[in-house]
Amino acid sequence: MNENIKNTKRTAKESENYPYDSAALKKLIVDKLHKRGVANEKAATPEQLHQATVYVLKEMLEEKRIAFKRRAKAQGEKKVCYLCMEFLVGRQLKNNVKNMSLYDALCEALTDLGSSFDEVYACEVDPGLGNGGLGRLAACFLDSLTALDYSAIGYSLCYENGLFRQRLIDGAQVELPDVWMPTSGVWLVAHPEKTVSVRLGGQIHEVWENGSLKIIHTEYEEVRAVPYDLMIAGADTDTVNTLRLWRAREARRGGNLDFVSQSNYVQEMNRTVSAEEITRQLYPADQYDEGKLLRLTQQYFLSSASLQNMISEYFAANGSLDGFENKIVIHINDTHPVLCIPELMRILMDIYSYSWDRAWEIVTKTVSYTNHTILPEALERWRIDLFRMKLPRIYTIVEEINRRFCADLWNLYPGDWDRISRMAIVAHNHVCMANLSVVASHTVNGVSKLHSDILKKTTFRDFYKMTPWKFTNVTNGVVHRRWLSYANPGLSELLDDCIGSAYRKTPSELLSFEKFADDDSVLSRLDEIKAGNKQRFADWAAPRLTRPLDPNAVFDVQIKRMHEYKRQLLNALKITSLYLELLENPDKDMQPQTFIFGAKAAPGYYMAKELIKLIYCLGVEIERTPAVRDKLRVLFMEDYNVSMAEVLIPSADISEQISLAGKEASGTGNMKLMMNGALTLGTLDGANVEILDAVGDRNIYIFGLNTQEVEELWRYGYDARTFYRSSDRLRAVIDRLSYPIGGQNFSHIADYLIGSAQNVADPFMCLADFESYRFAYDRAIADYADRREWNRRSLVNIARSGRFASDNSIRTYASDVWHVRPIKK
C-alpha cells in the first residue's frame, strides 16, 4: 500500500464526554433491568435489554443537556428554533452511541449480558416522524447543529401512526398504520408540565377599551399540546439539543363524570378522538375539505404550540420579552410552519399588548424561511372560507398584513394591478402561504444554486426585484458521520487508514483521500468494500425476496418519493427497452443489472401509485422470463425508510438522479450516494449541478435538457409524438405499454406519454430525454467493465463529497442567515 497511508487505526477509547467503559455500562444496564423487575439479567430478552439501555443513555443525555443549557444561558448566545412538519430521524440507538463514543463499550457490555448490539438494535423501528427529503434534511441539520455546539431546538409533531407503512399487493400500494411508539417511543421524554392550549374555530369580537383594542375569542374548541422530547447527542461533544414533538390531547373539562348522561359521555369521547386526530398521521389525504382542514389544523397546532413554548421559556428566563428578536431565531423549513408568523403577532399583540408596528418589527427580525419547491401545487394556498372558519383570529391578522403590504406595493408600483395581485398574500379567494413567508422573513433561501436562481428569476421574481437583499442560497447537506462513517464501516475504516479520522469532524479533510486515486492497493480495497456492501444488502433483502440477489450485478438505485417530476417512469422506460432488446437477442453478452427502487406515493396521488404498480409488474414479468432474468432484475423495495437506506446506499453502483431540469430543488439522496462511492447518472437539476462542479464531467454521467432548453421547448410547443415517431427504440417501448405487463394493463400510461383527449402529453418530458438518458446509461455500463477506472472515479466522488456535509450547510446558515455563534465549552 502507498507509503502515504497513515498507520493509525481508530481504536476503542473512553469518551472524554461520556467516560464509561463496558463494565460501567453493564452495571448501569443491569441496575435498570433490576428496577424494571428483571431479576436475572442473563435471562433478559433483547426487548428488555433495549429498554434498559435506552433508559441509561437518556439519563446520560439529560445530564449533559442540563449542563449545556446552563452554559448556553451564561454565554447569552442566540438560540435556533427550527420548525418543520417532519423530522425523519431514523433509529436512534446506533447513531447516539456512535456520537457519544460508547459503541464499542456497549457492544462488549451487551455481549457479556448474553446478547449482541445487533440483536438489541433490531428491537427498534424507525420513528414515523417524516416522509422524505424534507424530514431527512431537518434531522441532518439538527444533528449538525448539535455536533457544532450551537444552541438549538427542533419543533414538530408526534405522529402516532407516522405517514403509513407501505405494503404492495400485486403492485398496488396499500397504506397501513405505522405503529412505532411502543418500541421507539422509549426514547421520548414527556413534559406534561409544559403543556399549552391551542384554540381552534369560534368567533372573534373586537372591543375598544380605554383607547385600546381588546380581542375576545368565544365558542372556540380548545386542544392541549403535550410536548415529548427526543434528545439529540452531538458527535464527540457534550452538547445535547432537543427535538420537541407536540402530541394533541383533548382539553380537560370540569364536571363529575358520575352525573354525565350517556349522550354527553359520547360527545366527550368524540371530542377526545377529534383532538387526537390532529397528531394521528403525517400528511393526511387532502382531496376533500375534511382533509384540508385537518392539514391546516396540524400546521397551526405546530406553530401555536411552538411559539407559546418559545415565548413562555424566554419570559421565564428574562422576566420580559425585551430583546426577544436578538436572542431567538425562528426558522421555518418550507411553508408548513408559516402560521408561526401571524401566531407570533397574535401572542405579542393580544397577550403582551404590543403595538402592531412593534410586533411586526419583532417578527421580521426573528423569522427566516427556506423554500424547498417551485412546483405550484406545493406552494401552499388555503381557501379563505376554510382558513377563516378554522383560524378566525389568525385570518384577521393575515388580512391586515396583506392590507398593509398591498398598500406599500401600490406606493411602489401604482396602477400595476397584475404585479400586486401576484405578490398579495390574500388573493383570488386564497391565502398564499409562500408569499406570506417571503413578506415576513428577513432572509429567504433556496437549497441549491440552481434552485435559488430559479426562485429569483421565476417563482419569487417580483419579490426579488423589490427586496433583492433578502434572497440567498444555502445548498443542502447530509450528516456524513451517519451516512458514511456509521452506515459504511468498511469505507470508514479505509478512510481512517489512509487519511486518519479528522474528516469525521471536518468533512473537508476527505479531499486528502484523492491522492490515493491511482493507488492500486487502495482501489482494490475499495472494490472489495463495495462487493461486501452489496453482499450485505443482498443478505438483508433475502427474506423479502423470492430468490437471492446477485452481488456481481450492477446495482442501479433510485430511492425517492414517488412523483412524476422525479421521473421514475423514465427509468422504467429504459428498463423496458433493455428488456425488449434481451427478448430479441437472449444470448447478448451483457453485464447483469439490478434496478432497485424505493418510494412511497401519497395516498391520494393516483398517477404515483400507478407508477409503483408499473415498476413492480415490470419486475414480475422479467422474473417470469427465464431467458432474461439472470441478466436483468427489477426490485421495488417495500416500505422504504432510513434503516433500509443505511444498508442500500453503501451498496449502490449507480445513483439515478433523473428529474426534469428545473424541477428538483436540491436532493440529498444524490449526496449520500456519491459519498458512498456511487456514480451519479443525472440531469442538470438541483444539486446535481454542484456535484458536477465538484467531481468533474469525467466522474459523473450527465444527460438531457438543461433548464433553459426545457423552458424553450415548452415555449415553442413540446410535442411528445415527435420524439415517439423519431426513435424506433422509444416507439417499441411505448407500444409495449399498450399490452399487459406482469398481467396488468398500463395502456393509460402510454396515453399519458403520447397524449389523449384527457391529458397533455408527457408533462415531464420523459420522451424528450429518453435517447440521451439511454446513451448515458449505456456509457456507464460500458465503463463499469473497467473495474480499476470505475473504482478510481468512485474514489474521486468520495473524496470530493465533503462539501455536501450538512456541517457546511449549518455553518453557512449560522453566519449568513441566523447570525449565531457556537456555545463555548
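Before reading on, note that the structure itself is shown above.
Note that the structure is a prediction, hence the values are computed from the model and not measured.

Caption draft 1: Spatial organisation of the overall build of the protein chain. Helix and strand counts for the protein chain stand at 33 helices and 23 strands. Over its C-alpha atoms the protein chain spans a radius of gyration of 27 Å, differing by no more than 12% from the 28 Å that the globule rule assigns to 825 residues. Its C-alpha atoms give the protein chain principal-axis dimensions of about 90 × 70 × 60 Å. Per-residue burial over the protein chain gives 60% buried out of 825 residues. In the protein chain, 77% of the contacts between residues at least 6 apart in sequence involve partners at least 24 apart.

Caption draft 2: Structural context of the sheet that holds strand S13 (residues 381-383). The sheet built from 3 strands is open, its strands ordered S13-S15-S14 with antiparallel pairing. Sheet topology places S13 and strand S14 (426-427) at the edges, where each strand pairs with a single neighbour. Across 3 bridges, S13 lies against strand S15 (residues 430-432) in antiparallel orientation. Across the sheet, Arg 383 pairs through a bridge with His 430, a residue of S15.

Caption draft 3: Just the pattern of salt bridges, in detail. Here the structure, examined in full by the defined rule, presents 64 salt bridges. We note a salt bridge from Asp 286 to Arg 295, for which the minimum N-O separation is 3.8 Å. A salt bridge links Asp 462 to Arg 419, with the nearest nitrogen and oxygen atoms 3.9 Å apart. Remark: Arg 419 occurs in helix H15 (residues 417-423) and Asp 462 occurs in helix H18 (residues 461-466); sequence separation between them is 43 residues.

Caption draft 4: Spatial organisation of helix H11 (residues 340-351). In this model H11 runs 15 Å from its N-terminal to its C-terminal C-alpha over 12 residues, within 8% of the 16 Å that 1.5 Å per residue would give. With 10 of 12 residues buried, H11 lies mostly within the body of the structure. Among the residues trailing H11, Ser 353 stands out with phi positive, at a value near 60°.

Caption draft 5: Broad picture of unusual backbone geometry. One non-glycine residue, Glu 219, adopts positive backbone phi at about 55°. Mapped onto the elements, Glu 219 comes out in the loop between strand S8 (212-218) and strand S9 (221-233). The phi dihedral of Asp 762 is positive, around 50°, even though this residue is not glycine. Along the chain, Asp 762 turns up in the loop between helix H30 (747-754) and helix H31 (766-784). Its relative accessible area of 0% is what places Asp 762 among the buried residues.

Caption draft 6: The arrangement of the packing of helix H20 (residues 489-499) against helix H21 (residues 520-541) in detail. Put simply, H20 and H21 touch, their axes get as near as 9 Å, and they point 160° apart. The angle between the axes of H20 and H21 places the two elements in the roughly antiparallel class. Seen along the crossing, H20 lies across H21 with a hand that is right-handed. In this structure, H20 uses Pro 489, Gly 490, Leu 491, Glu 493, Leu 494, Asp 497 and Cys 498 to contact H21, whose residues at the interface are Val 522, Arg 525, Leu 526, Ile 529 and Arg 536. A per-class count over the contact of H20 with H21 returns 7 nonpolar, 1 polar and 4 charged.

Caption draft 7: Structural view of the sheet that holds strand S18 (residues 554-559). Judged by pairing direction, the sheet is parallel, and its 6 strands sit side by side in the order S20-S19-S18-S21-S22-S23 without closing on themselves. The strands lining the two open edges of the sheet, one partner per strand, are strand S20 (632-637) and strand S23 (701-702). Alignment of strand S21 (residues 654-657) against strand S22 (residues 679-682), held across 4 bridges, turns out to be parallel. The partner of Ser 655 across the bridge, within S22, is Thr 680.

Caption draft 8: How the structure looks around the side chain of Asn 309. Mapping Asn 309 onto the fold places it in helix H9 (residues 289-318). Here Asn 309 is in contact with Tyr 155, Lys 194, Arg 244 and Trp 246, once residues within four sequence places are set aside.

Caption draft 9: Spotlight on the packing of helix H22 (residues 568-584) against helix H29 (residues 728-736). At a closest axis distance of 9 Å, the pairing of H22 and H29 adopts a crossing angle of 100°. As far as their axial angle goes, H29 and H22 are roughly perpendicular. Contacts between H22 and H29 involve Leu 573, Thr 576, Ser 577, Leu 580 and Glu 581 from the first element and Arg 729, Ala 732, Val 733, Ile 734 and Arg 736 from the second. The residue makeup of the contact of H22 with H29, split by class, is 5 nonpolar, 2 polar and 3 charged.

Caption draft 10: Structural context of the state of the cysteines. Tallied over the full model, the rule gives 0 disulfides. The cysteine Cys 107 is free of any disulfide, with Cys 123 supplying the nearest cysteine sulfur at 14 Å. Classification of Cys 107 by relative accessible area gives buried; the value is 18%.

Caption draft 11: Fine view of the nonpolar core. Core analysis: the largest hydrophobic core is formed by 151 residues, its most contacted members being Ile 330, Phe 387 and Trp 818. Examining the composition of this core, we find that 9 residues originate from one element, H9, more than from any other. Within the second largest apolar cluster, 70 residues are counted, among which are Cys 617, Val 634, Leu 681 and Trp 790.

Caption draft 12: Local environment of the pairing of S22. Side-chain alternation along S22 places Leu 679 and Leu 681 on one buried face and Thr 680 and Gly 682 on a second face that is also buried. Regarding the hand of the β-α-β motif, the stretch spanning S21, helix H25 (residues 669-675) and S22 is right-handed. Relative to S23, S22 is paired through 2 bridges, and the arrangement is parallel. Within S23, the residue paired with Leu 681 across the bridge is Tyr 701. Crossover handedness for the path S22 to helix H26 (residues 688-695) to S23: right-handed.

Caption draft 13: Local environment of the packing of aromatic side chains. Here the structure, examined in full by the defined rule, presents 24 aromatic pairs. A ring pair is formed by Phe 387 and Tyr 395, whose centres lie 6.1 Å apart and whose planes are at 65°; its orientation type is edge-to-face. Here Phe 387 falls in the buried class, since its relative accessible area comes to 0%. Taking relative accessible area as the criterion, Tyr 395 reaches 4% and is therefore assigned buried. With a centroid separation of 5.8 Å and 25° between ring planes, the pair formed by Phe 537 and Trp 540 is classed as stacked. Taken together, the positions of Phe 537 and Trp 540, both in helix H21 and 3 residues apart, correspond to about one turn of that helix. Judged by its relative accessible area of 0%, Phe 537 is buried. Counting every residue linked through ring pairs, the aromatic cluster contains Tyr 82, Phe 87, Phe 141, Tyr 813 and Trp 818. The side chain of Lys 98 reaches across the aromatic face of Tyr 103, ending 4.0 Å from its centre.

Caption draft 14: Seen up close, the environment of Ala 275. You can see Ala 275 is positioned in helix H8 (residues 262-276). Given the relative accessible area of 1%, Ala 275 is considered buried. Taking C-alpha positions, Ala 275 is 25 Å from Ile 397, a pair spaced 122 residues apart along the chain. The contact partners of Ala 275, leaving out residues within four places of it in the chain, are Val 223, Ala 248, Arg 249 and Glu 250.

Caption draft 15: Just the pairing of S8, in detail. Where strand S7 (residues 203-209) meets S8, 7 bridges bridge the pair, whose relative direction is antiparallel. Pairing of Glu 206 across the sheet is with Ile 215, part of S8. Between the end of S7 and the start of S8, which pair antiparallel, lie 2 residues, with Asn 210 showing a positive phi angle near 55°.

Here is what the cut-offs are and how they apply
- Residues numbered from 1 in each chain as written.
- Predicted model: local features only at pLDDT ≥ 70, side-chain atom pairs only at ≥ 80, totals over all residues.
- Heavy atoms only, no water.
- Helix = DSSP H or I, 4+ residues; strand = E, 2+ residues; numbered from the N terminus.
- Rg over C-alpha atoms; globule rule 2.2 N^0.38 Å.
- Buried < 20%, exposed > 50% of the residue type's maximum accessible area, 1.4 Å probe, protein only.
- Contact = heavy atoms within 4.5 Å.
- Pairing = 2+ DSSP bridges.
- Salt bridge = Lys/Arg side-chain N within 4 Å of Asp/Glu carboxyl O.
- Expected span 1.5 Å × (residues − 1).
- Axes fitted to C-alpha atoms, helices over the stretch in contact; angles between N-to-C directions.
- Parallel < 35°, antiparallel > 145°, perpendicular 65-115°, else oblique.
- Left-handed = near helix turned anticlockwise from the far one by under 90°.
- Nonpolar A, V, L, I, M, F, W, Y, C, P; charged D, E, K, R; others polar.
- Disulfide = S-S within 2.5 Å.
- Core = buried A, V, L, I, M, F, W, Y, C linked by side-chain atoms within 4.5 Å.
- Right-handed = clockwise from strand over helix to strand, strands pointing away.
- Phe/Tyr/Trp six-rings, centres within 6.5 Å; stacked < 30°, edge-to-face > 60°.
- Lys NZ or Arg CZ within 6 Å of the ring centre and 35° of its normal.

What is shown is where atoms sit, not what they do.
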